[in-house]
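# Secondary and tertiary structure notes
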Amino acid sequence: MRNIFILGLAMAPAVAFAQTGGDDTPGVYARVSGGVSFTPNIDVSRTFDPTVVFLNPPPSSLEIETNPDWSVGVAAGYDFGGPFRAEVEYRYIRAGVEQVAALDGFDPAIGGVPAPLPVDEGGFGVNAVLANAVFAPRTKIGPFQPFASAGAGAARVAERGGFTFGLLGDRTDWAPAFQGRVGIAAPVSDSARVSLDYSYLRTLDLQFGADGFPDPGGAAVREEVDGLGISTVSLSFEKRF
């Protein structure tokens, strides 16, 4: 991701130099964005209802092998007329899954750990709402203005259809979420600009399935994830009003 950001900076003309500029007038703005998402492989630990007897022990640890997917977002904010802005952002991020690999358990058909399960369709869907503080210095590199933001909020993470970990209960969870974002922007008119950015969204721990045993809904397993960390590279269009 760092190489992509550096490439964006290199788009400035070779003769460009740092200069100060920009509109210091306060105002409201809105932004839409879309891009590609990258999620590291996800480790899952499973706890089973002790009253359930299994003939062959199912996996208690899984590794979810991911692949790139996509992300979209919208934001509305206020520019205070200096280097600082405040905004509220909604993002939907898909984390694609290539296969689910068991790290333990037993499959009598092969006399060992179950073989990885390929996933044709499915993964995680992340709905995040964030409050962001944005720093956009008036120093420019040619036509480009760098910016950075930090945000905090909450994310609803859902297991999307097409694959399953064997859950019998709830397949969604809420968790606190945090985001950092850096990028560069260039004007396309007096009131609009486009930007290229890299962001990293991190959730805290997630839990799917039973909260405890016995579960009122009949779930026989609880699955825990030590949070999700998702990188995205996005193009955005911003309009000032």
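Residues numbered from 1 in each chain as written. Predicted model: local features only at pLDDT ≥ 70, side-chain atom pairs only at ≥ 80, totals over all residues. Heavy atoms only, no water.

### Quick word on empty space enclosed by the protein
Summed over all chains, the structure comprises two cavities of 30 Å³ or more. Space inside the largest cavity adds up to approximately 80 Å³. What lines the largest cavity is a set of 14 residues, and nearest its centre among them are R31, R85, R181, R193 and E238. Among the elements of the structure, strand 2 (27–38), strand 6 (84–102), strand 11 (172–187), strand 12 (192–203) and strand 15 (229–240) are those that each provide at least two residues to the lining of the largest cavity. Looking at the lining of the largest cavity residue by residue, the class counts come to six nonpolar, two polar and six charged. Quantified by volume, the second largest cavity comes out at close to 60 Å³. Around the second largest cavity sit R31, S33, E89, R91, R181, D197, S199, T232, S234 and S236, which together line it. Broken down by secondary-structure element, the contributors of at least two residues to the lining of the second largest cavity are strand 2, strand 6, strand 12 and strand 15. The greatest single-element share of the lining of the second largest cavity, amounting to three residues, is contributed by strand 15. (1 Å grid on protein atoms, 1.4 Å probe; cavity = no way out; pocket = protein on both sides within 12 Å on 5 of 7 lines; lining within 4 Å. Points joined across faces, edges and corners; volume = space filled by probe spheres on them. Helix = DSSP H or I, 4+ residues; strand = E, 2+ residues; numbered from the N terminus. Nonpolar A, V, L, I, M, F, W, Y, C, P; charged D, E, K, R; others polar.)

### Side note on the packing of aromatic side chains
Counted according to the given criterion, the structure contains five aromatic pairs. For the pair Y78 and F80, a centre-to-centre distance of 5.2 Å together with 75° between the ring planes defines the contact as edge-to-face. With a relative accessible area of 35%, Y78 lands in the partly exposed category. By relative accessible area, which is 51% here, F80 ends up exposed. Where F84 meets F135, the ring centres are 5.4 Å apart and the plane angle is 45°; that geometry is what we call tilted. Of this pair, F84 sits in strand 6 while F135 sits in strand 8 (residues 123–135); the two residues are 51 residues apart in sequence, bridging distant segments of the chain. Over the face of the ring belonging to Y29 we find R85, whose NZ or CZ atom lies 4.7 Å from the ring centre. (Phe/Tyr/Trp six-rings, centres within 6.5 Å; stacked < 30°, edge-to-face > 60°. Buried < 20%, exposed > 50% of the residue type's maximum accessible area, 1.4 Å probe, protein only. Lys NZ or Arg CZ within 6 Å of the ring centre and 35° of its normal.)

### A closer look at the pattern of salt bridges
For the coordinates displayed, the defined rule picks out 12 salt bridges. In this structure, R240 engages D79 in a salt bridge whose closest nitrogen and oxygen atoms are separated by 3.2 Å. Linking R240 in strand 15 with D79 in strand 5 (residues 69–79), this pair joins segments that are 161 residues apart in sequence. Overall, the relative accessible area of 19% leaves R240 in the buried class. Residue classification places D79 among the buried residues on the basis of a relative accessible area of 0%. (Salt bridge = Lys/Arg side-chain N within 4 Å of Asp/Glu carboxyl O.)

### Description of the environment of S191
Residue placement: S191 occurs in the loop between strand 11 and strand 12. When the C-alpha atoms of S191 and Y29 are compared, they prove to be 9.1 Å apart, with 162 residues separating the residues in sequence. Apart from residues no more than four positions distant in its own chain, S191 is found in contact with E238, K239 and R240. A distance of 2.7 Å separates the side chain of S191 from the side chain of K239, its partner in a polar contact. (Contact = heavy atoms within 4.5 Å. Polar contact = N/O pair within 3.5 Å; in protein donor to acceptor, adjacent residues only side chain to side chain.)

### Brief notes about a negative patch on the surface
Side chains of D43, D205, E224 and D226 sit close together on the surface and give a patch of like negative charge. Counting through the fold element by element, D226 comes out in the loop between strand 14 (221–225) and strand 15. Taking the relative accessible area as the measure of exposure, D226 reaches 57% and is therefore exposed. (Patch = residues over 30% accessible without salt bridge, like charges linked within 9 Å, V, L, I, M, F, W, Y side chains within 5 Å. Areas by Shrake-Rupley, 256 points an atom, 1.4 Å probe, with all protein chains shown as cover. Lys, Arg positive; Asp, Glu negative; His and termini not counted. Charge placed at Lys NZ, Arg CZ, Asp CG, Glu CD.)

### As for unusual backbone geometry
Peptide bonds are, in most cases, trans, and in most cases residues other than glycine have a negative phi. With omega at -5°, the peptide bond leading from F213 into P214 counts as cis. Turning to its location among the elements, P214 is positioned in the loop between strand 13 (206–209) and strand 14.

### Looking at the side chain of R85
In this fold, R85 is placed in strand 6. Residue R85 is classed as buried on the basis of its relative accessible area of 9%. Among the polar contacts made by the side chain of R85, one reaches the side chain of D79 at a distance of 3.4 Å. In this view, R85 contacts Y29, Y78, D79, F80, N132, A133, V134, R193 and E238; residues no more than four positions away in its chain are not counted.

### Description of the nonpolar core
One finds V126 and L228 to be the most contacted residues of the largest nonpolar core, which totals 24 residues. Those elements that place two or more of their residues in this core are strand 3 (42–48), strand 4 (61–67), strand 6, strand 8, strand 10 (145–160), strand 11 and strand 13. With five residues, the top contributor of residues to this core is strand 6. Non-local contacts of V126, meaning those with residues more than four positions away in its chain, are made with R91, Y92, I93, A155, R156, V157, L201, L228 and I230. (Core = buried A, V, L, I, M, F, W, Y, C linked by side-chain atoms within 4.5 Å.)

Function cannot be inferred from these measures alone, as they are strictly geometric.
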